[in-house]
Amino acid sequence: MEVQVLSTAPNIMNRPSAHPANSTKDSAPDTASYFSENAVSRQLYERASRVMPGGNTRHSIVLAPYPIFAASGSGCRVTDVEGDQRIDFLNNYTSLILGHADPQVTAAVQRRVALGTAFTMPTAEDVELAELLVERVPYVDQLRFCNSGSEAVMLAVKAARAFTGRHKIAKFEGAYHGLYDYVAVSEGPNCDEWGEPGAPRSVTEPGTPPSVAEDVVVLPWNRLETCRELIAAHRDELAAVIFDPMPLGIGMIAARPGFLEFLREETARYRILLIADEVLNFRLSYRGAAHAFGIQPDLGSFAKIIGGGFPVGAVGGARQVMSVFDHTGSLKVHHGGTFNANPVTVTAGLETMQQMTPDTYERLNGLGDYMSDRLRRMFRDRGLPAQVCGRGSLFLAHFTSGELVDFRSLRGFSRTNPVYGDLCHLMLQRGIILSPRGVFGCLSTPMTEIELDYFVDALDDSLGKLTF
Ligand SMILES: Cc1ncc(COP(=O)(O)O)c(C=O)c1O
């Protein structure tokens with residue numbers, strides 16, 4: 001694929017704001033563009049590069065030649081430091097289900113901030129958010145808060161080890177579960193590191209002790225018989241199998257019919273705990289992702305939307321397993337954290353989750369169906385071989401007609417393909433925020449069909465500028 005435009009991009013207009021239904025500004029701002037010599041983002045990036053390696057503080061926001069710095073957000077729109085406005089289809093990597101600066105969340109947070117932001121004591125709000133989540137998620141009897149999805153996953157793995165007295169875990173090749181060493185094994189191995197299809201290698205990155213690889217069994221997504229053999233071979237050492245029912249790192253390729261049920265049965269057979277990583281996919285339904293896929297795991301990790309735009313994480317599950325954190329019992333897993341259940345976070349999370357009623361989920365997921373359908377029709381009309389994965393308010397398109405099964409089947413058009421960076425820039429020029437690592441995006445409740453139509457038309461137009 002070759003890019004025909006881009007070297008000197010035109011001024012990035014706030015085209016969508018000209019849309020009558022969504023206008024927050026009446027006309028396009030007369031601002032310096034992102035690519036101009038004097039762009040504020042360029043200057044900020046130069047300063048950032050002097051004080052932060054790579055000029056950023058999380059790799060997931062890297063954008064060449066430099067990131068667009070945000071100034072503010074409102075609803076489904078973000079205004080950058082040049083004053084240009086775009087529709088946000090990333091929502092801080094899916095964490096803002098109500099969009100930016102929701103008025104009720106903002107008011108609740110402001111009230112809470114004025115009352116103090118952190119105490120060496122619990123608050124009523126953390127009990128309320130825990131009660132709400134326990135009431136909604138069928139397999140969660142109890143939970144504990146932490147500050148990120150990575151911590152939530154780490155705590156779930158530690159709880160499983162403490163509960164079972166075993167030390168290994170199994171995870172799927174290509175799946176992303178955050179920063180904890182053990183789940184970061186083989187999260188995106190190069191093909192020369194893969195190993196045999198029947199025995200995927202455990203690949204660690206520099207900075208991780210090689211011994212970590214020995215304690216992680218890597219499974220191929222959707223390859224039921226291989227998984228059966230690998231789980232059986234390690235059955236006496238495995239504390240847990242961790243899975244994400246729609247793993248972004250594996251292109252959101254749907255689990256084949258029966259695959260998740262097989263995982264549940266096979267783990268139960270050997271008394272291995274099943275951990276659902278719901279950090280990203282919790283937004284799929286009122287009762288969460290595992291419920292949406294009809295699975296009852298033993299433990300789950302949660303984050304993103306439950307913090308209402310603030311740093312958050314939670315681990316939850318069956319009372320018996322969660323008792324490993326109980327100081328009144330025979331405490332096995334120590335769990336500290338200066339900002340766990342921070343009152344501002346849980347206030348924002350509570351207000352957000354209260355707004356996410358079954359009707360709101362239904363409307364948002366309906367918009368997601370509309371989006372997938374429009375994307376499929378656009379690709380077909382273009383004669384472009386493409387498949388749309390994802391579900392509910394999450395979508396991911398792959399430019400291939402090849403069979404999508406597991407991480408290895410994504411070879412050649414994975415997230416590292418540079419074409420996605422070019423496509424991202426073309427979309428930015430059209431007023432859309434999209435991932436530079438694929439046609440991946442998510443919806444937020446302030447959106448309507450108008451924004452989705454605008455997105456699909458902009459993508460159609462952008463694809464026309466790329467030669468395959
Ligand atoms: C499935 C999954 N698990 C864990 C994490 C880590 O969460 P956090 O970034 O809050 O540490 C992420 C983050 O995107 C995720 O998508």
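The numbering scheme is per chain: residues are counted from 1 as the chain's sequence reads. Per-residue local features of the predicted model are confined to residues with pLDDT of at least 70, and side-chain atom pairs are confined, for both listing and counting, to 80 or more; whole-chain, interface and lining totals are unaffected and use all residues. As a convention, hydrogens and water are excluded, and side-chain values are obtained from all of the structure's heavy atoms.

Chemist: An account of the overall build of the protein is requested, with residue identities and associated values reported.
Modeler: Secondary structure summary: the protein contains 14 helices and 18 strands in total. Put simply, the radius of gyration uses C-alpha atoms, and a globule should come to 2.2 Å times the residue count raised to 0.38. Taken over C-alpha atoms, the radius of gyration comes to 22 Å for the protein, in line with the 23 Å a tight globule of 468 residues would show. Counting only C-alpha atoms and orienting by the principal axes, one finds that the protein spans roughly 65 × 55 × 45 Å. Taken across its 468 residues, the protein has 55% of its residues classed as buried. Strands here mean DSSP runs of E at least two residues long; helices mean DSSP runs of H or I at least four residues long; both are numbered from the N terminus. Exposure is judged per residue with a 1.4 Å probe applied to protein chains only, and the accessible area is read against the type maximum: over 50% gives exposed, under 20% gives buried, and values in between give partly exposed.

Chemist: Tell me about the packing of aromatic side chains, and name the residues and values.
Modeler: Pairing of aromatic rings covers Phe, Tyr and Trp, the last through its six-membered ring, and needs centres within 6.5 Å; plane angles under 30 degrees mean stacked, over 60 mean edge-to-face, and all others mean tilted. Evaluation of the coordinates by the stated rule reveals 17 aromatic pairs. Ring centres of Tyr 180 and Tyr 182 lie 5.3 Å apart, and the angle between their planes is 50°; this geometry places the pair in the tilted category. Measuring from centroid to centroid gives 6.3 Å for Trp 194 and Phe 407, while their planes differ by 65°, and the two rings are edge-to-face. Highlighted residues: Trp 194 in the loop between strand S6 (168-172) and strand S7 (195-196) and Phe 407 in the loop between strand S15 (394-398) and helix H13 (419-429), separated in sequence by 213 residues. Per residue, the accessibility class of Trp 194 equals that of Phe 407, and both read buried. Of the aromatic side chains, those joined through ring pairs into one cluster are Tyr 34, Phe 35, Tyr 45 and Tyr 66. Counted as over-ring charges are cases with an Arg CZ or a Lys NZ within 6 Å of the ring centre that also lie within 35 degrees of the ring normal. Lying across the ring of Tyr 182, Arg 161 places its NZ or CZ 4.6 Å from the centre. The ring of Phe 293 carries Arg 391 above its face, with NZ or CZ at 4.4 Å from the centroid.

Chemist: Break down the pattern of salt bridges for me, citing the residues and quoting the values.
Modeler: Should a side-chain nitrogen of Lys or Arg be within 4 Å of a carboxyl oxygen of Asp or Glu, the pair is scored as a salt bridge. Applying the stated criterion to the full structure yields 17 salt bridges. One salt bridge connects Asp 460 with Arg 382, and the closest N-O pair in it is separated by 2.5 Å. Note that Asp 460 is positioned in helix H14 (residues 449-463) and Arg 382 in helix H12 (residues 358-382), a separation of 78 residues in sequence. On the basis of relative accessibility, which here comes to 36%, the residue Arg 382 falls in the partly exposed class. Note that Asp 461 and Arg 430 form a salt bridge whose closest N and O atoms lie 2.8 Å from each other. Here Asp 461 is found in helix H14, whereas its partner Arg 430 is found in the loop between H13 and strand S16 (432-433), with 31 residues between them in sequence. A relative accessible area of 7% places Arg 430 in the buried class. Salt bridges here are not isolated pairs; linked through shared partners, they connect Glu 225, Arg 228, Glu 266 and Arg 269.

Chemist: Talk me through the nonpolar core; I want residue IDs and the actual numbers.
Modeler: The biggest cluster of nonpolar side chains holds 110 residues, and the ones touching the most others in it are Phe 89, Phe 172, Leu 263, Leu 375, Phe 379, Phe 455 and Leu 459. Contacts between residues were defined by any pair of non-hydrogen atoms, one from each residue, lying within 4.5 Å. Sequence-distant contacts of Phe 172, that is, excluding residues within four places in its chain, are made with Ser 186, Leu 219, Pro 220, Trp 221, Cys 227, Val 241, Ile 242, Phe 243, Ile 250, Phe 259 and Leu 263. What makes a nonpolar core is a set of buried Ala, Val, Leu, Ile, Met, Phe, Trp, Tyr and Cys residues whose side-chain atoms join them at distances within 4.5 Å. Listed in part, the 27 residues of the second largest apolar core include Cys 146, Val 183, Ala 239 and Ile 275.

Chemist: If you had to explain the sheet that holds S6 to someone new, which residues and values would you point to?
Modeler: Strands pair, by our definition, only if DSSP identifies at least two bridges between them. Taken in spatial order, the seven strands make up an open sheet running S5-S13-S12-S11-S10-S6-S9, and their pairing is mixed. In this open sheet, the two strands that pair with only one neighbour each are strand S5 (142-146) and strand S9 (216-219). Across the sheet, the axes of successive neighbouring strands diverge by a mean angle of 20°, strand direction being ignored. Of the strand pairs in this sheet, S6 and S9 are connected by four bridges, and their pairing is parallel. Fitted lines through C-alpha atoms give the axes, limited to the stretch in contact for helices. The angle between two N-to-C directions lies from 0 to 180 degrees.

Chemist: So what's going on with the site of the ligand? Which residues, and what values?
Modeler: Lining the immediate surroundings of the ligand are Ser 148, Gly 149, Ser 150, Tyr 176, His 177, Gly 178, Asp 244, Asp 277, Val 279, Leu 280 and Lys 304. Identification of polar contacts relies on pairs of N or O atoms within 3.5 Å, with a donor-acceptor requirement for protein atoms, meaning one able to donate a hydrogen and the other able to accept it, and with residues adjacent in sequence counted only if both atoms are side-chain atoms. Between the ligand and Ser 150 there is a distance of 2.8 Å, counted from an oxygen atom to a side-chain nitrogen or oxygen. Here an oxygen atom of the ligand sits 2.8 Å away from a polar atom, N or O, in the side chain of Lys 304. Each accessible area is a Shrake-Rupley estimate made with a 1.4 Å probe; only the visible protein chains count as cover when residues are assessed. For the ligand, the protein covers 80% of the area, taking 390 Å² as the surface of the free molecule. Counted by class, the shell around the ligand contains three nonpolar, five polar and three charged residues. Here a residue counts as near a molecule or strand whenever at least one of its heavy atoms sits within 4 Å of it. All residues other than Ala, Val, Leu, Ile, Met, Phe, Trp, Tyr, Cys, Pro, Asp, Glu, Lys and Arg, Gly among them, are scored as polar; the first ten of these are nonpolar and the last four charged.

Chemist: Tell me what's going on with unusual backbone geometry, and back it up with residues and numbers.
Modeler: Looking along the chain, the bond that leaves Ala 64 and enters Pro 65 is cis, with omega of 0°. Structurally, the position occupied by Pro 65 is in the loop between helix H1 (40-51) and strand S2 (70-74).

Chemist: Describe the environment of Glu 173, naming the residues involved and giving the relevant values.
Modeler: Residue placement: Glu 173 occurs in the loop between S6 and S7. Between the alpha carbons of Glu 173 and Ile 250 there is a distance of 8.0 Å; along the sequence they are 77 residues apart. Ignoring anything within four residues of it in the chain, the contact list for Glu 173 reads Ser 186, Pro 189, Trp 194, Pro 200, Val 218, Leu 219, Ile 250, Phe 407 and Arg 408. One polar contact links Glu 173 to Arg 408, side chain to side chain, over a distance of 2.9 Å.

Chemist: Mind laying out the packing of helix H7 (residues 224-233) against helix H8 (residues 259-269), listing which residues take part and the relevant values?
Modeler: At their nearest, the axes of H7 and H8 sit 11 Å apart, and the two run at 15° to each other. Relative to H8, the element H7 lies roughly parallel. Crossing of H7 against H8: the hand is right-handed. Here Leu 224, Cys 227, Arg 228 and Ile 231 of H7 come into contact with H8, specifically with Phe 259, Phe 262, Leu 263 and Glu 266. Residues of the contact of H7 with H8, tallied by class, amount to six nonpolar, no polar and two charged. By the definition adopted for this analysis, an angle is roughly parallel if under 35 degrees, roughly antiparallel if over 145, roughly perpendicular if from 65 to 115, and oblique otherwise. Working rule for handedness: look at the near helix, and if it is turned counterclockwise from the far one by less than a right angle, call the crossing left-handed; if clockwise, right-handed.

Chemist: Can you tell me about the sheet that holds strand S14 (residues 387-391), naming the residues and giving the values?
Modeler: Read from one edge to the other, the open sheet built from three strands follows the order S14-S15-S17, with strand pairing classed as antiparallel. Looking at which strands have only one partner, the edges of the open sheet turn out to be S14 and strand S17 (439-442). Pairs of neighbouring strands in the sheet enclose a mean axial angle of 15°, with direction left out of account. One ladder, built from five bridges, connects S14 with S15; its direction is antiparallel. By the bridge assignment for S15, Arg 391 is matched with Leu 394. Packing against the sheet, H12 makes contact with S14 and S15, and its axis sits at approximately 175° to S14.

None of the figures reported here should be taken as evidence of function without further support.
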